[in-house]
Amino acid sequence: MNRIEEIIAIMEDVSRYPAKAIRESMEETGKEVIGCFPLYTPEEIVYAAGMIPVGLWGGQKEIKKADKYLQSFCCSIMKENMEHGMEGSYEFLSAIIIPAYCDTLKCVCENWKAAVPDIPLIAMVYPQNRKITAGVEYLVNEYKRVKDELEKISGKKITEKELEESIDLYEEYRKTMSQFVAIASKYPRTIDAKKRHSIIKAAYFTDKKWYIPLIKELTTELNMLPEEAFNGIKVIATGILAEPEVLLDTLVQNNITFAADDLAHESRQFRTGVSNSGTPLERLALRIAGNQKCALLYDEEKTRGQLLLDLVKEYKADGVVVFMMKFCDPEEFDYPIYKKELEAAKIPMLYLEIEQKMDSVEQIRTRIQSFKEMLTV
Amino acid sequence: MFLGVDIGSTTSKAVILDSKLNILSASVINTGTGTLGPEKTVKAVLSKAGLNEKEIQYSVVTGYGRMTYQKADKQITEISCHARGTFFLKPNARTIIDIGGQDAKVIRLDEDGRVKNFAMNDKCAAGTGRFLEVMARILDCRINRLSVLSQKATEEINISNTCTVFAESEVISQLAAGVKRENVAKGAHKAVAKRVAGLAGRIGVEPDVVMTGGVALNKSVVDALEQEIKEKVTVLKKPQIVGALGAALYAFEMIDM
């Protein structure tokens, strides 16, 4: 096994067994762990508080208890998170942070208090008009509140220096990941869609100080190899999350790879950096203000379609695959707008309506294979 | 000789083509994937053509059961095969509506017969042949008589098109309230048409519209579909074998290449 394979195997192990990876991180670092619901939870503040932020993006548990709080038409990530919380899978968390971006998340904040009373909740609300001065000031105050709550849990004050250092670390993470995905697109056989997903996903369950050097090493090792020839189909993935894994297996079987992505779980996490000026919390708030083209952040100009067109052009992709998480309203609202733009540009598009736990994927298998045949036969 | 096999959820179809692309034989067996249907249909189609397995130069399998059928040389999706089969029979076709036993698909073709776009129903049975089977059972009517029953309707009633299970209890309530069977039958056909028209709306409809799959044999669904999508719908002579024909055409191309 060469070093590239070794690092990929480590990342796959972390992604497949997140609870084990988190417990190991806790043991190695002696740090407490804070659960972060999607999407742009201020992990930098958690890290500055001396704790490890871990991403809570659902799973593949059979929903039994969460139905008590979330109806069948609610987002499956939220149902999965609630199920895990109620089942006790998150018992190692010192608290969770839930940012209320959408209607389901708003309700989940209240549901959580009743359903999982043993894990304290820090709820926060992002401003709709995040770019105007009042929006930035409001968000800075929300971050202050989150910081105060975290200080109560950790029992220590977070200094400006600690915040700056944490922001620096996360900026390094974002830069490292941006470099990794750019390089990975040149090695579609070594870093196929599934491996790419696992590598990016592993960041959610580990200390960034452990994760970043490994990704840098992987990127360096890849860069030393000649670019890989690829006779399959290169796509841009868009949506919230490209799971369950069987979807990625099917894409790989059909020789379809991700040239780049616009997934909330992947590139949207690291494609926008913080501002260089202001106090640490202002820098974080300005990062959200500058973050564009995401269904969860109000975009009056509706620029997501153009982003997808640009990505298709830049990476010479053959099409766009839409991972539509049931029933994510913000993503569904965006879809007709960018669909029209992609159709006008004659970009082939595959729409996959997904849930995190899918017992039957036969029809999705047919759709993926048909998409491949549409482009190749 | 070239064999195409289409293994659906409720039927198994097969077509044999000669090297001049004449259909030598076709077979439809009313059992689908997971049964002996696929083997029976291949046996039947070979027997009708007076051929044995060794005389088949290449075979392609398609349909819901394509992954589990090991005897074919290649597997291709039913979307590609319906497109190929339809375009072969009707080169003016630009939209295909294929309603089978368990799923419904709308396929858009370009002027060269290539698939431009497609839409498929989700894992729900509404808008498929299964919905009509359930309705026929409640109405105590044979599935092949459901359309005839519907033609006798004197008024139109609405039946939920979102869920087969909801629709079933809704129909029982309608019957209990004294609504005539034929009116319920018409409502059931309309429900299928509305559901499929919604699917078609996702990718748009362009004439000529051609209907394939077993449900195309049901005139009431075809009539209701024409009303819903506001386009003439052409039903091919043997709509059930179009997928198998497309598979046989692909088999021919594999050798011809």
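Our structure's up above, just so we're on the same page.
Model, not experiment: these values are computed from the prediction. (Residues numbered from 1 in each chain as written. Chains lettered and ligands numbered in written order. Predicted model: local features only at pLDDT ≥ 70, side-chain atom pairs only at ≥ 80, totals over all residues. Heavy atoms only, no water.)

S.K.: Give me helix α5 (residues 164-176) of chain B: which residues, what numbers.
M.R.: All names here are of chain B. Its 13 residues place the ends of α5 18 Å apart at the C-alpha level, agreeing with the 18 Å of an ideal helix rising 1.5 Å per residue. All of the buried residues in α5 are Thr164, Ala167, Val171 and Gln174. Buried residues along α5 cover an arc of 75 degrees about the axis, so they all sit on one side. Away from its buried face, by an angle of more than 90 degrees, α5 presents the exposed residues Val165, Phe166 and Ala176. (Helix = DSSP H or I, 4+ residues; strand = E, 2+ residues; numbered from the N terminus. Expected span 1.5 Å × (residues − 1). Buried < 20%, exposed > 50% of the residue type's maximum accessible area, 1.4 Å probe, protein only. Arc of directions from axis to C-beta.)

S.K.: Which residues make up the sheet that holds strand β2 (residues 12-17) of chain B, and what values do they have?
M.R.: Residues and elements named next belong to chain B. Taking strand neighbours across the sheet as the criterion, the five strands line up as β3-β2-β1-β4-β5 in an open arrangement whose pairing is mixed. Strands at the two margins of the open sheet, each flanked by one partner only, are β3 (23-29) and β5 (74-75). Note that β2 and β3 share six bridges and pair antiparallel. Residue pairing in the sheet places Lys13 in a bridge with Val28 of β3. Most of the contacts of helix α8 (residues 242-256) go to strand β1 (residues 2-7), to which it runs at about 140 degrees, and overall it touches β1, β2, β3, β4 (58-62) and β5. (Pairing = 2+ DSSP bridges. Contact = heavy atoms within 4.5 Å. Axes fitted to C-alpha atoms, helices over the stretch in contact; angles between N-to-C directions.)

S.K.: Break down the interface of chain B and chain A for me, with residues and values.
M.R.: Taken together, the 22 residues of chain B in the interface contact 18 residues of chain A. Together, the buried faces of chain B and chain A total about 1700 Å²; carbon and sulfur atoms form 48% of this surface. Our count for the chain B to chain A interface comes out at zero salt bridges. Our count for the chain B to chain A interface comes out at 10 residue pairs in polar contact (both at pLDDT 80 or more). Elements with a contribution of two residues or more to the side of chain B that touches chain A: α2 (78-89) and β8 (115-120) of chain B. For the side of chain B that touches chain A, the leading source of residues is β8 of chain B, giving five residues. Of the residues contributing to the side of chain B that touches chain A, the split by class is eight nonpolar, six polar and eight charged. (Buried area = accessible area lost by both parts, 1.4 Å probe. Salt bridge = Lys/Arg side-chain N within 4 Å of Asp/Glu carboxyl O. Polar contact = N/O pair within 3.5 Å; in protein donor to acceptor, adjacent residues only side chain to side chain. Nonpolar A, V, L, I, M, F, W, Y, C, P; charged D, E, K, R; others polar.)

S.K.: Tell me about the environment of Ala229 of chain A, and please be specific about residues and values.
M.R.: Here Ala229 of chain A lies in the loop between α9 (208-223) and β5 (233-239). A sequence separation of 43 residues divides Ala229 of chain A from Lys186 of chain A, and the C-alpha atoms of the two residues are 8.4 Å apart.

S.K.: Let's hear about the nonpolar core: which residues, and what values?
M.R.: Across soluble globular proteins, nonpolar side chains show a tendency to be buried alongside one another. Core analysis: the biggest nonpolar cluster contains 132 residues, and Trp112, Tyr143, Phe180 and Phe323 of chain A have the highest contact counts within it. Looking at this core, the element that brings in the most residues is helix α7 (residues 160-184) of chain A, giving 10 residues. Each of two domains, domain 1 (1-90 + 238-257) and domain 2 (92-235) of chain B, supplies a minimum of three residues to this core. If we ignore the near neighbours within four places in the chain, the residues touching Phe323 of chain A are Ala237, Thr238, Gly239, Ile240, Leu241, Ala242, Leu247, Leu251, Phe258, Leu263, Leu352 and Ile354 of chain A. In terms of nonpolar packing, the next biggest core, distinct from the first, is built from 40 residues, Val134, Ala185, Ala216 and Ala224 of chain B among them. (Core = buried A, V, L, I, M, F, W, Y, C linked by side-chain atoms within 4.5 Å. Domains from an automatic or database assignment.)

S.K.: An account of the pairing of strand β1 (residues 32-36) of chain A is needed here, citing residue identities and associated values.
M.R.: Residues and elements named next belong to chain A. With four of five residues buried, β1 lies mostly within the body of the structure. Direction of pairing for β1 relative to strand β2 (residues 51-55): parallel, over a ladder of five bridges. Looking across to β2, one finds that Ile34 is bridged to Pro53. The β-α-β motif built from β1, the intervening helix α3 (residues 43-48) and the parallel element β2 has right-handed crossover chirality. The sheet contact formed by β1 and strand β3 (residues 95-99) spans three bridges and is parallel. Counted as the bridge partner of Cys36 is Ile97 from β3. (Right-handed = clockwise from strand over helix to strand, strands pointing away.)

S.K.: A description of the sheet that holds strand β8 (residues 349-354) of chain A should follow, citing residues and the corresponding values.
M.R.: All names here are of chain A. Spatially, four strands are ordered β6-β5-β7-β8 in an open sheet, and the strand pairing comes out parallel. Whereas interior strands pair on both sides, the edge strands pair on one side only; in this sheet they are β6 (256-263) and β8. Going from strand to strand, the sheet's axes swing by 25 degrees on average, the running direction of each strand aside. As paired elements, strand β7 (residues 319-325) and β8 share six bridges and run parallel to each other. Residue pairing across strands places Val320 opposite Met349, the latter belonging to β8.

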